Amino acid sequence: MTTPDRQLALVTGASSGIGYELARQFAQHGFDVVVTAEDEELASAAESLREYGGQVIAVRADLTRYDEVERLWTETVAVGRPLDAVAVNAGVGVGGEFARGTSLEAELGLIELNVVSSVHLAKRAVAAMTSRGAGRILFTSSIAALMPGPFEAVYAASKAFLHSFAEALRSELKDSGVTVTSLMPGPTDTEFFERAGMQDTKVGAGPKDDPAEVARQGFDALMKGDDKVIAGSFTNKVQGVASRIAPDRAKAAMHRRMAEPGSGDASGDEE
């Protein structure tokens, strides 16, 4: 049962991976949660989150569609309580050579989910939170936001957009009572690389971070009101520091070695 003293959080992409673990962090810390994802696994994810004793409202939605984002927001408002936090986490990757190895349809779908739906949902959440003078927003960006991303060109650009968007909103909202945090994980042990078709790459076959630990670091940064957190391993944090001084050409070459098809053993798995 929900109680008036429990805060309310909304988490997108919450059926698995980092999104599920973010929702679990909220539930463990006394929040009621609205969770959303497109796939049918959302129902079982929501059921497991109910074990923490709060209200869990599952809204299955395809956030690449404008009307579905609006429906998600309407159902969140219908809970009848202020939205205290939102984790804009839903995202997808597309790997391969842009010239002839990837599908335009898939890449436009990526932009709709990673970029367009994030702006759409943020527009609704920011308006509600600033009217109230309180709220927390987390965007799941990526360490890939800090470099050009050969063989993940559209994905890396989408994450760079999210990171820049988060930092800009944070500045705009600095006196509003609303904080904005950018979560920047590295390779994480989820279904990301399988779904992106990148299992045969070095990054797809290489070591991965625990999504539960990534989500814990993201949640902690959100609750502290930090501007960003490079989550996961020490290697990710070193890469984040190095990216400040390395030229784009060098960063692109490094990413190319990690993401080029056929560069790694077929195994593996962000978002």
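The rules behind each value
Residues numbered from 1 in each chain as written. Predicted model: local features only at pLDDT ≥ 70, side-chain atom pairs only at ≥ 80, totals over all residues. Heavy atoms only, no water. Buried < 20%, exposed > 50% of the residue type's maximum accessible area, 1.4 Å probe, protein only. Helix = DSSP H or I, 4+ residues; strand = E, 2+ residues; numbered from the N terminus. Pairing = 2+ DSSP bridges. Right-handed = clockwise from strand over helix to strand, strands pointing away. 1 Å grid on protein atoms, 1.4 Å probe; cavity = no way out; pocket = protein on both sides within 12 Å on 5 of 7 lines; lining within 4 Å. Points joined across faces, edges and corners; volume = space filled by probe spheres on them. Nonpolar A, V, L, I, M, F, W, Y, C, P; charged D, E, K, R; others polar. Salt bridge = Lys/Arg side-chain N within 4 Å of Asp/Glu carboxyl O.

Peer 1: Hey, could you run me through the pairing of strand S6 (residues 178-185) in this one?
Peer 2: Note on strand geometry: in a regular strand, side chains alternate between the two faces of the sheet. The buried count for S6 comes to seven of eight residues, which makes it a mostly enclosed element. In this structure, strand S5 (residues 135-140) lies alongside S6, joined through six bridges in parallel fashion. If you follow Leu 138 over to S6, its bridge partner there is Thr 181. A crossover connection joins S5 to the parallel S6 through helix H5 (residues 153-172); in handedness this β-α-β unit is right-handed.

Peer 1: How should I be thinking about empty space enclosed by the protein in this particular structure?
Peer 2: The rolling of a water-molecule-sized probe over the atoms marks out the regions of remaining empty space. Estimated volume of the largest cavity: approximately 40 Å³. Of all the elements in the fold, those that place two or more residues in the lining of the largest cavity are helix H3 (66-77) and helix H4 (104-132). For the lining of the largest cavity, the element with the most residues is H4, which contributes three residues. Broken down by class, the residue content of the lining of the largest cavity amounts to six nonpolar, three polar and no charged.

Peer 1: Can you help me understand the pattern of salt bridges in this one?
Peer 2: One side chain can pair with another of opposite charge once the charged atoms of both are near each other. All chains considered together, the criterion is met by 19 salt bridges. Between Glu 260 and Arg 256 there is a salt bridge, with the nearest N and O atoms lying 3.8 Å from each other. Exposure remark for Glu 260: the relative accessible area of 30% places this residue in the partly exposed category. Note on Arg 256: relative accessible area 41%, which makes it partly exposed. Residues joined in a network through salt bridges with shared partners are Arg 6, Asp 32 and Arg 81.

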